[in-house]
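Spelled out from the first residue to the last, the chains are:
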Protein chains: 2
Amino acid sequence: MQKNYMSLLVIGSVAFDAIETPFGKTDKIIGGAATYICLSASYFTRDIGLVAVVGEDFPQEYIGILEQKGVDIGGLQVKQGEKSFFWSGRYFNDMNSRETLVTELNVLGTFDPVVPSNLDQPDFLMLGNLAPSVQSTVIGRLAKRPKLIVMDTMNFWMDIALDDLKNTLKMVDVLTINDEEARQLSGEYSLVKAARKIRAMGPKYLIIKKGEHGAILFYNDEVFYCPAMLLEEVFDPTGAGDTFAGGFIGYLAKTGDISFDNMKRAIYYGSALASFCVEKFGTENILDIDPKALIERVAKFKALSHVELID
Amino acid sequence: MQKNYMSLLVIGSVAFDAIETPFGKTDKIIGGAATYICLSASYFTRDIGLVAVVGEDFPQEYIGILEQKGVDIGGLQVKQGEKSFFWSGRYFNDMNSRETLVTELNVLGTFDPVVPSNLDQPDFLMLGNLAPSVQSTVIGRLAKRPKLIVMDTMNFWMDIALDDLKNTLKMVDVLTINDEEARQLSGEYSLVKAARKIRAMGPKYLIIKKGEHGAILFYNDEVFYCPAMLLEEVFDPTGAGDTFAGGFIGYLAKTGDISFDNMKRAIYYGSALASFCVEKFGTENILDIDPKALIERVAKFKALSHVELID
C-alpha cells in the first residue's frame, strides 16, 4: 500500500448517546459522528485534527483516548457550565428503523467552529453530520481548499434546512447519504436517477449507504456496488455510517490517492470497519481492533463477492 | 465455457397475469413461473422438458414460442372446458411491495402432474413455485433422482401448507426464496442464522433473493453475495425471481458443473437475465435477447462490484 499519510480534519458532533436495541440498553455512553469518524480513521492515519464542541460534562478520559489515537484536539471546544449534545434512540427488530426518544442540542445549538491555525490547511476534510451552515462555515475558515471534501448529512437537514444543505453541497466533492435520503433529496425513486440529480447539485462523487445491503459509489458514468459484510447479528447500528465514512476518508488520506479505483478500496475498508462497529454497543468494538483481525475481515469481505467468470 | 447440455425438467405454472405498476397496466398477458423459467433457461440449453397445465383458453401460438425455444411440451396438459390459472396484482411505487387483486386457481386447483416417459430421467429438475405437495409428487414420478433439484416457493405455502413444504424441502438440493420468506421460514431475523436453520431442513444450498439488493448463496461455511444490476428503472418486477431461477439452473445444465464456484457464475447469469425481465412488462423483454446484449450485461454486471485490493 502506498503511504502518504496526508492530513485529515474532522468536524462533527462529540456527544452522549443512550441506546436501546432488541439486545439491551445502555446508559449514557460516548457517541457523536466525529468520535466514530476519528476512531475509524485512526486505523489508517495519525495525522487527524478535530473541530467540535462538548460541555463540561464530557469525560476528560475519553478525550485522552482520542489523543492517544493521534487526534489533535486543539479545535475541540469545552464549554464550561454547559452540557454536551445528547441523543437517545430505540431500534426496532429489523435494526433498519429507529425512533428518536430524546434530542438535547445543548452546546451544539450555538456551535461556532474554531479551526486552529495548525489545522487550517488539511489535505482531506470530513464534514460529519451537523447543520449544513456549520459545515460550510468550516470550509470558509480554512486557509486553503482541501484536496478532497467529504460530507455526510441526513434527512433531518433536508426537512428543516434544505437551502443551506444545497449551498454546502456545491462546495464538496463526495456526499454520503442513505438510500431513503437520496430519494428524498432527488425526488427520484430509482437510485441511478437519484444519483444523477444529486451529482448535478455539486458533489462529483455520491456514496449511497444501504446498511445491510451494502453501499454504492457513483462517479460520472461509473458505478461500484460494494455488498455489506454478512454478520451473525447486528447488535447496535449506531455510528455505523460515521465509522464507514471515517474508514473511507482515513484510507484515502493514508494512500493520498483519490482515483475512482482507490475510492473502491476505501469503501471496502470503511465497510469492514463499520462491520466491527455494529457488533457491540456504541464505540466499544472500534476502540481497539487488532490489525490482524482487520486484515482478515477485509479478506473475508472481498471473498464474499468474488467470482471468476470463465466465458 | 464447458458445454454438456444436460437435460432440464421444469415444473410450474403457465398462466395469465394482469399487472399494474406505476408505469401502466396490462390486459391479460402470458405469465406463470414455468413460462419465465423455460424462456430464461433456453438461453443456455435447448434440452428442456415442461410439466404444467393450462386451460383451453391458453393461446396455441404462445405454446409454439416455447417449442421454438427447445421446450418439449409433452408434459403440458391442456384441459378442455377449463380456464388457465389467472393472477392479477398491483405494484406500489417502491416495486418491492405488491397487492394481489385476483387469484383464480382454475386448472391449477386440481393439477395432477404427468411426467412423460421421455422426460422422466432429467439431469436437472426445477420446481417452480406451486403447492409443495405437487412439487414432491413430481419428484416421486421420476425414474431416477436428478443430479440437482432446485425448488422455488413463497410465503403463501408457509402460511397454508407448512408441513408439506417441510416435507418437500427434505428432497431438494437448492432452495430459492426471498429475504422475508427466509425470515418467516426460520423465525430468525439474521439471514446468517436463518440460512443455517433452513439448510438444516434439507437443502444443502440456499439462495436468498433480495430483489434490488442482490442475492446471497449459502453452502456449508461458504457465502457468496451477488449485488443486483443497477437499472435506470424497474418497470415490472413480475417474473424476476423465476427468470433468475431459470437462468441459474439453465447455466448449470449447460455446464454440467454443480460446484460452488460454478453456482456463483450461475447466479450472475440468472441475475443478468432477471435484469432484462424487469425492464418491460411480463415476458416481453426476455423473449428474444440478443446474445451479444446478454454478454455485455454480464460484463457490466461483473464490473459493477469488481475491486482490486492492493495490500
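Residues numbered from 1 in each chain as written. Chains lettered and ligands numbered in written order. Predicted model: local features only at pLDDT ≥ 70, side-chain atom pairs only at ≥ 80, totals over all residues.

## A few points about the overall build of chain A
1) Next: When helices and strands are counted, chain A shows 10 helices and 14 strands.
2) Next: Over its C-alpha atoms chain A spans a radius of gyration of 18 Å, differing by no more than 12% from the 19 Å that the globule rule assigns to 311 residues.
3) Next: For the C-alpha atoms alone, the extent of chain A along its principal axes is close to 70 × 45 × 40 Å.
4) Next: At a minimum sequence separation of 6, the contacts of chain A that also span at least 24 residues come to 68%. (Helix = DSSP H or I, 4+ residues; strand = E, 2+ residues; numbered from the N terminus. Rg over C-alpha atoms; globule rule 2.2 N^0.38 Å. Contact = placed C-beta atoms within 7 Å.)

## Focus on the interface of chain B and chain A
1) Next: At the interface, 33 residues of chain B touch 33 residues of chain A.
2) Next: Grouping the amino acids of the side of chain B that touches chain A by side-chain chemistry returns 17 nonpolar, five polar and 11 charged. (Nonpolar A, V, L, I, M, F, W, Y, C, P; charged D, E, K, R; others polar.)

## Overview of the sheet that holds strand β11 (residues 174-178) of chain A
Each strand in a sheet pairs with another by means of backbone hydrogen bonds, the pair being arranged parallel or else antiparallel.
Residue and element names in this part refer to chain A.
1) Next: Taken in spatial order, the nine strands of this open sheet run β6-β5-β1-β9-β10-β11-β12-β13-β14, and their pairing is mixed. With one partner strand each, in any of the chains shown, β6 (71-79) and β14 (222-226) form the two edges of the open sheet. Across the sheet, the mean angle from the axis of one strand to that of its neighbour is 15 degrees, orientation sign disregarded.
2) Next: Bridge count for strand β12 (residues 205-209) against strand β13 (residues 215-219) is five bridges, and the pairing is antiparallel. (Pairing = 2+ DSSP bridges. Axes fitted to C-alpha atoms, helices over the stretch in contact; angles between N-to-C directions.)

## Let's talk about the confidence of the model for chain A
1) Next: For chain A, mean pLDDT is 95; residues scoring 70 or higher make up 98% of the total.
2) Next: Both scores are given for the predicted complex: the pTM is 0.94, the ipTM 0.91. (pLDDT = per-residue confidence, 0-100.)

## Some details on helix α3 (residues 132-140) of chain A
Residues and elements named next belong to chain A.
1) Next: Along α3, the residues that are buried comprise Pro-132, Gln-135, Ser-136 and Val-138. Buried residues of α3, viewed axially, fall in a sector of 155 degrees; they line one side.
2) Next: Looking at the packing, one finds that the buried side of α3 touches β1 (8-11), β5 (48-55), β9 (124-127), β10 (148-152), α4 (155-160) and α5 (162-169). (Buried ≥ 20, exposed ≤ 12 C-beta atoms within 10 Å, placed from the backbone. Arc of directions from axis to C-beta.)

## A short note on the packing of helix α1 (residues 33-41) of chain A against helix α8 (residues 240-255) of chain A
Relative orientation and spacing of two packed helices are given, respectively, by the angle between their axes and the distance between those axes.
Residues and elements named next belong to chain A.
1) Next: Interaxial distance between α1 and α8 falls to 7 Å at its minimum, and their mutual angle equals 40 degrees. Classified by the angle between their axes, α1 and α8 sit oblique to one another. Crossing of α1 over α8 shows right-handed handedness. Contacts between α1 and α8 pair Ala-33, Tyr-36, Ile-37, Cys-38, Leu-39, Ser-40 and Ala-41 from the former with Asp-242, Thr-243, Ala-245, Gly-246, Gly-247, Ile-249 and Gly-250 from the latter.
2) Next: Grouping the constituent residues of the contact of α1 with α8 by class yields eight nonpolar, five polar and one charged. (Parallel < 35°, antiparallel > 145°, perpendicular 65-115°, else oblique. Left-handed = near helix turned anticlockwise from the far one by under 90°.)

## Side note on unusual backbone geometry
Residue and element names in this part refer to chain A.
1) Next: A positive phi angle, near 45 degrees, is found at Asn-220, a position not held by glycine.
2) Next: With respect to the helices and strands, the residue Asn-220 is situated in the loop between β13 and β14.
3) Next: When the 9 C-beta atoms within 10 Å are taken as the criterion, Asn-220 is described as exposed.

## A closer look at the sheet that holds strand β11 (residues 174-178) of chain B
Residues and elements named next belong to chain B.
1) Next: Strand order across the open sheet formed by nine strands is β6-β5-β1-β9-β10-β11-β12-β13-β14, with mixed pairing between neighbours. Looking at strand neighbours, the two that pair on one side only are β6 (71-79) and β14 (222-226), the edges of this open sheet. Neighbour-to-neighbour, the strand axes of the sheet open up by a mean angle of 15 degrees, direction not taken into account.

## Focus on the relation of the copies chain B and chain A
1) Next: When chain B is fitted onto chain A, the two copies agree to an RMSD of 0.0 Å after a turn of 180 degrees and an axial shift of 0.0 Å. Both copies are brought into coincidence by an operation consistent with a two-fold rotation axis. Nearest to the rotation axis, the C-alpha of His-213 of chain B is located 2.9 Å from it, this being the minimum over chain B.
2) Next: Most of the interface of chain B is mirrored in chain A, where 100% of its interface residues again form contacts. (Least-squares fit on C-alpha atoms with pLDDT ≥ 70 in both.)

## Section: the pairing of β5 of chain A
Strand residues, when the strand is regular, have side chains that alternate between the two faces of the sheet.
Residue and element names in this part refer to chain A.
1) Next: For β5, a buried count of eight out of eight residues is recorded, marking the element as mostly surrounded by other parts of the structure.
2) Next: Burial along β5 is two-sided: the residues Ile-48, Leu-50, Ala-52 and Val-54 and Gly-49, Val-51, Val-53 and Gly-55 are all buried.
3) Next: In this structure, β5 lies alongside β6, joined through seven bridges in parallel fashion. Paired with Ala-52 across the two strands is Leu-76, which belongs to β6.
4) Next: On the question of chirality, the crossover connecting β5 to the parallel β6 by way of helix α2 (residues 60-68) is right-handed. (Right-handed = clockwise from strand over helix to strand, strands pointing away.)

## Points about the pairing of β14 of chain A
All names here are of chain A.
1) Next: For β13 and β14, the ladder comprises five bridges, and the chain directions are antiparallel. The residue of β14 that forms the bridge with Ala-215 is Cys-226.
2) Next: In this structure, the hairpin formed by β13 and β14 is closed by a connection of two residues, where Asn-220 is found at a positive phi of approximately 45 degrees.

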